[in-house]
Amino acid sequence: MNHIYAKRSLVLPLAKHEKRKIQKRLVLIKPRNVKNWEPDSPAGRLTLFLGRTELASLPIYYKQAKKKESHFWSRFSGLFQSILTGTNQ
C-alpha cells in the first residue's frame with residue numbers, strides 16, 4: 001500500500017460558512033522515469049479554493065508503506081494472539 005502526505009500543516013482563518021465552500025484539487029504527477037525518481041521529490045500538489053480564489057497550495061509527497069517483516073517470533077506472536085482472541089491475523 002502506498003500513501004501520499006503533505007510535509008506541513010495548513011491553517012486558514014475561515015468562517016464556518018466559508019469552510020463548507022472550500023474546494024480541493026489534488027493533482028498527482030506520475031514520474032516519467034520511475035527508476036531515477038527520488039522519494040523526496042513532490043508527487044503532486046493540493047490546491048484549496050474558495051470560489052475562484054486560490055487560498056493555498058501545498059506540495060504532496062509519496063511514501064511507500066513499509067513491508068511487514070515475517071520473522072519466527074512475529075509469526076509465533078500472531079499465532080498465539082489468534083488462539084487467545086479467536087481472530088485470524
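Residues numbered from 1 in each chain as written. Predicted model: local features only at pLDDT ≥ 70, side-chain atom pairs only at ≥ 80, totals over all residues. Heavy atoms only, no water.

An unreviewed UniProt entry lists the chain under the name D-alanyl-D-alanine carboxypeptidase, with Sporolactobacillus inulinus given as the organism.

Let us now look at the overall build of the chain. Helices and strands together make up the secondary structure of the chain, namely 2 helices and 4 strands. Counting from the amino terminus, the chain carries its helices and strands in the arrangement β-α-β-β-β-α. For the chain, with 89 residues in total, the buried portion stands at 13%. Contacts spanning at least 24 positions in sequence make up 49% of the contacts within the chain whose residues lie at least 6 apart. Summed over its atoms, the accessible surface of the chain is roughly 8,300 Å², and 54% of this surface lies on carbon and sulfur atoms. (Helix = DSSP H or I, 4+ residues; strand = E, 2+ residues; numbered from the N terminus. Buried < 20%, exposed > 50% of the residue type's maximum accessible area, 1.4 Å probe, protein only. Contact = heavy atoms within 4.5 Å. Areas by Shrake-Rupley, 256 points an atom, 1.4 Å probe, with all protein chains shown as cover.)

Together, Lys16, Lys19, Arg20 and Lys21 make up a region of like positive charge exposed at the surface. As for its placement among the helices and strands, Lys16 is situated in helix H1 (residues 16–19). (Patch = residues over 30% accessible without salt bridge, like charges linked within 9 Å, V, L, I, M, F, W, Y side chains within 5 Å. Salt bridge = Lys/Arg side-chain N within 4 Å of Asp/Glu carboxyl O. Lys, Arg positive; Asp, Glu negative; His and termini not counted. Charge placed at Lys NZ, Arg CZ, Asp CG, Glu CD.)

Moving on, we get to the environment of Ser9. Along the polypeptide, Ser9 turns up in the loop between strand S1 (2–5) and H1. You can call Ser9 exposed: its relative accessible area is 66%. Distance in space between the C-alpha atoms of Ser9 and Leu58 is 9.2 Å, their sequence separation being 49 residues.

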